[in-house]
Amino acid sequence: MIIATTTVNFAYFTGAWVETFERFKAAVKCGDYSAAVVPQLDAERVGGNVFAYKDGEDPAEALRKAASRCDASVVYVDGGTTLRHFEIIKRALPNAEFRLADEILREYRSVKRGDEIEKIKTAATKIRKVLEAVELTPGITEREVAFKIYSMLYEEGLHPGPILVQFGPNTALPHLEPTEKKLHRDEAVVLDISASYRGYYGDLTTSFFFGEAPPQYAEIYNTVKEAQATALASAKPGVGAAEVDKAARAVIEARGYGRYFIHRTGHGLGLEIHEAPDISPNSPDVLKPGMVFTIEPGIYLPKKFGVRLEIDVVVEKDGAHPL
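The shown structure was predicted, so the numbers you read here are calculated from the model rather than taken from an experiment.

Cut-offs used in this document
Residues numbered from 1 in each chain as written. Predicted model: local features only at pLDDT ≥ 70, side-chain atom pairs only at ≥ 80, totals over all residues. Heavy atoms only, no water. Helix = DSSP H or I, 4+ residues; strand = E, 2+ residues; numbered from the N terminus. Buried < 20%, exposed > 50% of the residue type's maximum accessible area, 1.4 Å probe, protein only. Contact = heavy atoms within 4.5 Å. Areas by Shrake-Rupley, 256 points an atom, 1.4 Å probe, with all protein chains shown as cover. Pairing = 2+ DSSP bridges. Disulfide = S-S within 2.5 Å. Arc of directions from axis to C-beta. Salt bridge = Lys/Arg side-chain N within 4 Å of Asp/Glu carboxyl O. Phe/Tyr/Trp six-rings, centres within 6.5 Å; stacked < 30°, edge-to-face > 60°. Lys NZ or Arg CZ within 6 Å of the ring centre and 35° of its normal. Polar contact = N/O pair within 3.5 Å; in protein donor to acceptor, adjacent residues only side chain to side chain.

Before going further, it helps to examine the overall build of the protein chain. Along the protein chain, the regular secondary structure elements total eight helices and 16 strands. With the C-alpha coordinates aligned to their principal axes, the bounding extent of the protein chain is approximately 70 × 40 × 30 Å. Out of the 323 residues in the protein chain, the part that is buried amounts to 52%. Contacts spanning at least 24 positions in sequence make up 61% of the contacts within the protein chain whose residues lie at least 6 apart. Within the structure as shown, the protein chain displays about 15100 Å² of accessible surface, and the carbon and sulfur contribution to it stands at 52%.

In strand 14 (residues 305-308), alternate side chains face the same way, and those of Phe305 and Val307 on one face and Gly306 and Arg308 on the other are all buried. One ladder, built from four bridges, connects strand 13 (residues 298-301) with strand 14; its direction is antiparallel. Bridge assignment links Leu301 to a residue of strand 14, and that residue is Phe305. Hairpin connection of strand 13 to strand 14: three residues between the antiparallel strands, including Lys303 at a positive phi of 65 degrees.

A separate point is the state of the cysteines. The final tally for this structure, using the stated rule, is one disulfide. The disulfide partner of Cys30 is Cys70, and the S-S distance across this bridge is 2.0 Å. Here the disulfide of Cys30 and Cys70 is left-handed, its torsion about the S-S bond being about -75 degrees. In this pair, Cys30 is assigned in strand 2 (residues 26-30) and Cys70 in the loop between helix 2 (59-66) and strand 5 (74-77), connecting sequence segments 40 residues apart. Each member of the pair Cys30 and Cys70 is classed as buried.

What follows covers helix 3 (residues 83-92). Think of an α-helix as 3.6 residues a turn; residues three or four steps apart then line up on the same face. Buried residues of helix 3: His85, Ile88, Ile89 and Ala92, and no others. Projected down its long axis, helix 3 shows its buried positions confined to an angular sector of 100 degrees, all on one face. Seen from the buried face of helix 3, the exposed residues on the opposite side, beyond 90 degrees, are Leu83 and Arg84. Here the buried face of helix 3 lies against strand 1 (2-4), helix 2, strand 5 and strand 6 (97-100).

Taken as a whole and judged by the stated rule, the model has 22 salt bridges. Residues Glu156 and Lys129 are paired through a salt bridge, measuring 3.2 Å at the closest nitrogen-oxygen approach. In this pair, Glu156 sits in the loop between helix 6 (142-155) and strand 7 (159-167) while Lys129 sits in helix 5 (residues 114-133), placing the two residues 27 residues apart along the sequence. Given the relative accessible area of 48%, Lys129 is considered partly exposed. Three or more residues joined by partner-sharing salt bridges are found here, namely Arg109, Lys112, Glu272 and Glu275.

Below, the discussion takes up the packing of aromatic side chains. For any two aromatic rings, the description comes down to two numbers: the centre-to-centre distance and the angle of the planes. The full count for this structure, using the stated rule, is seven aromatic pairs. With a centroid separation of 5.3 Å and 75 degrees between ring planes, the pair formed by Tyr12 and Phe13 is classed as edge-to-face. Comparing Tyr12 with Phe13 shows no difference in burial state: the two are buried. Taken together, the aromatic side chains of Phe209, Tyr217, Tyr221 and Phe305 make up a single cluster linked through ring pairs. Of note, Arg249 hangs over the ring of Phe261, and the distance from its end group to the ring centre comes to 4.1 Å.

Position of Thr265 relative to the elements: it lies in the loop between helix 8 (241-254) and strand 10 (266-268). Within polar-contact distance, the side chain of Thr265 engages the side chain of Asp245 at 2.9 Å. Once you skip the residues sitting within four places of it in the chain, Thr265 turns out to touch Ala231, Asp245, Ala248, Arg249, Ile279, Thr294, Ile295, Glu296 and Pro297.

Rendered as structure tokens:
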């Protein structure tokens, strides 16, 4: 039996994003049986087999009833469970042996169902539409552009995630959040946008030069683009995620920019912006049909500029394809 209490894993099993704050909630799963335990005030938001409790009642009783059809000798518990909520689980199932469910949950969530893939594709499509509609003018600040992007995403029916807008030397700092830096002619630009559609995230990044690009920028941009294409071509079922990272890294290293590629090649997408599979040098993950992840190599020259190109891809039987 699995008991998942964190909001994201609860949503995976129930399809409902419910934040109950200090109140206890849990998804219960064993075989084909599933149930949800929630406060009474949230019961109508969750479909299926719901066991609700009122304020003042012991949620352990609701959990005990929800788990009554499962073998409770060994219980796998979501690793994000708070100690307060774990005490409720132990009170409900006093004779159980408890184990971490994290690896099981990671394996479940790393391979997406068709409906999950469609939601990620919709998110990516709408983000791409926003990226294509962004207008830049000299003097506009990174924060002003980020606010415009946020509003555009919201209008597209998305839930905005982290939005990175970087100009000039700031583009060499991959995770720098928007500042009051103003855009000037002949500067590099990086726009990194994430947003979710019905709970599932897309994540895209584009890089370009606002004005006339110097030869080195064009060289680095083309190198990153080639690294991305090479990584995409290498991504097939049965291939190690580390091999995909290696394919991108080999291109950048061959051009002499290896020490300026300072992060992994990609990360999984789903209910969270970063989840399995991990496309990094030491990743143990092996690609399977249904996995969705980013391919986002980058080169960053300190105090000069950076280039990152990010696409979202899904693994199918014949290889990986952009969403």
